[in-house]
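# Descriptive structure summary
Residues per chain, in single letters:
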Amino acid sequence: MSRGAFFWGVMSLVLLSSAGCSIMPMSGPEDHVIKSEITRSGPEYGLVKLTPTVVDILKEYGPGAIAGSFPDNRPPPSIKFGIGDVVAVSIFEAAAGGLFIPAEAGVRPGNFVALPNQNVDSAGFITVPYAGAIKAAGRTPSEIQSDIVKAIGNRAIEPQVVVSLITQNTSLISVLGEVNAPTRLTANAAGERIMDVISRAGGIKGQGWETWVTLERNGKRATVPFGALVYSPANNVWVHPGDTIYVYREPQIFLAFGASGSQGQFPFDMWKISLTQAMAKAGGLLDAQAEPSGVYVYRREPRELAERLGVDCSKYVGPTVPIVYNADFRDPAAYFLASKFDMRDKDVVFAANAATVDTAKFLQFVRVVIATANDTEVATQNAQLIRIYSRQ
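As a starting point, this report considers the structure included with it. Please read these numbers as outputs of a predicted model, since none were measured by experiment. (Residues numbered from 1 in each chain as written. Predicted model: local features only at pLDDT ≥ 70, side-chain atom pairs only at ≥ 80, totals over all residues. Heavy atoms only, no water.)

### Considering helix α9 (residues 333-340)
Residues of α9 that are buried include every one of Ala334, Leu337 and Ala338, and no others. Down the axis of α9, the buried set is contained in an arc of 100°. They therefore lie on one face. Where the residues of α9 are buried, they touch α3 (52-59) and α7 (275-281). (Buried < 20%, exposed > 50% of the residue type's maximum accessible area, 1.4 Å probe, protein only. Helix = DSSP H or I, 4+ residues; strand = E, 2+ residues; numbered from the N terminus. Arc of directions from axis to C-beta. Contact = heavy atoms within 4.5 Å.)

### Examining the environment of Met343
In this structure, Met343 sits in the loop between α9 and β17 (347-353). Distance from Met343 to Val297, taken between C-alpha atoms, is 8.7 Å for residues 46 residues apart in sequence.

### A closer look at the pattern of salt bridges
Here the structure, examined in full by the defined rule, presents 16 salt bridges. Here Asp342 ties to Lys59 by a salt bridge, and the two come within 3.4 Å at their closest N and O atoms. Placement of the pair is Asp342 in the loop between α9 and β17 and Lys59 in helix α3, with a sequence separation of 283 residues. Between Lys346 and Asp345 there is a salt bridge, with its nearest N and O atoms 2.8 Å apart. (Salt bridge = Lys/Arg side-chain N within 4 Å of Asp/Glu carboxyl O.)

### Observations regarding the nonpolar core
Formed by 34 residues in total, the largest nonpolar core has its most connected members in Leu50, Phe254, Leu275, Tyr325 and Met343. Elements supplying a minimum of two residues to this core: α3, β13 (253-258), α7, β15 (290-302), α8 (303-308), β16 (320-327) and α9. Beyond its immediate sequence surroundings of up to four residues, Phe254 is in contact with Gly264, Gln265, Phe266, Phe268, Ile273, Ala278, Lys281, Met343, Asp347 and Val349. Core analysis: the next-biggest nonpolar cluster, separate from the first, contains 22 residues, Val175, Leu185, Ile198 and Leu215 among them. (Core = buried A, V, L, I, M, F, W, Y, C linked by side-chain atoms within 4.5 Å.)

### Considering the sheet that holds strand β12 (residues 244-249)
Pairing within the open sheet is mixed, and its five strands lie in the order β9-β8-β12-β10-β11. Of all strands in the sheet, those bounded by a partner on one side alone are β9 (183-186) and β11 (220-225). Each neighbouring strand pair of the sheet contributes to a mean axis angle of 20°, computed without reference to strand direction. Taken together, the four bridges between strand β8 (residues 172-177) and β9 define a ladder with antiparallel strand orientation. When the sheet's bridge partners are listed, Ile173 is paired in β9 with Leu185. (Pairing = 2+ DSSP bridges. Axes fitted to C-alpha atoms, helices over the stretch in contact; angles between N-to-C directions.)

Okay, structure coming up:
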C-alpha cells in the first residue's frame, strides 16, 4: 500500500469516527445517544432535563417528604384481653347482705369481693360465681364488666364490677433487628408511637442515616428510613397490639461511572445528599474528558411522578418508569439546581465524555498505526543499508 493510499484510509476512519460511528472503547453511552433516547437492548426511558419546576416536583416525592409511607395512622384500639392473660375481677354491691358476703362485711360500709386472679382459658372464657362462663378473649374490660352485671343483676344488690388486667401475655409488640434490646413489649394502654417503642427496646444500634424501619401489621408491610421518623413526624405512627417492628441497617449508596474523578460505589454517610455532593464524592468532572452538559442520573420513578414530569407513560408497563435526569453544568445556575436535587438510594450517576475525547483517542490510535508502519519502513531501509555496507 502506498503512503497516499494509507493516509486517505486513515482520514476516512477519522471522518467515520467524528460522524458518530465510534470504533474506540468508551466507559458508557455517548452524550448524543442518551439525549436521543435511543436504546438498543434495555427498556425505553424518559429523559428529563433538570429545571426549577422539575426540582420543585421532586421535592414532593423526595426522602424529606415521604410522610404517609406508613398509611395506617389511626390511634391504637383499646387493649383487649387474650388467651393466657391473667385477669382480676372485683364485684361491688350497694349494701351488706347481698349475693357476695366477705368475711369483714360487718365492719365496713357497702359490700365487695375480690375474686381470685384467673387466666383467660383456651376457649377465651373466665368464670365468675353466679354468672358462669364469661367471654373475655378479644373483648375490653368494660364489655366484660357489662356482661357480668347483666348476669348477676337480678340476684346481687345494685352490682358494679371492675375487671382489670394483672399480667399481659397477649397484646404484645415485637421489636426485632438492629436495636440494643430486641424484645416483645406489652402494649401501653395510653398508646405509643414507633419511636417510643424503639426507645423501649434500647434504641437503634447503628447510625440513623443507614438504618431502616419496617412496620408489619395484619400481613402488610411498609418501610421507611429511620430519618423519615425524625424529620417527617407524620411517619411516626401509632403502634397497635400485634405489630412487628423490624429495624435493619442498609447504608444508602450511589454509583458513579464515566468521566468522573472516581468510579465505583459511594455511601451517602448522611441522611440525604444532593447531586452536587454526590459529584464531589465521586471526584467531580474530569476537565480533559467530561462533557459538562452530559451529567445524568438514572433511576426508576413512580408512574404518577413520571407523568407530572411530562413523560409519556403510555409505552411503559408497571408501576415504575425508567427516568434519566440530565444536568447541564455549562450553565452556572445548574449547580444551584443540582444542590436541590436529592439523590436516592442506588441512583446511578453517569458523566458522559466530550465529543472531542473519541477523536483524540482515535488520533492517538492513528499515531500508533503510522508509527508502526514507519518502523517497518525504517527497518527495511536499515536492512538495505546493512547489505550495501557489507558488500563494500
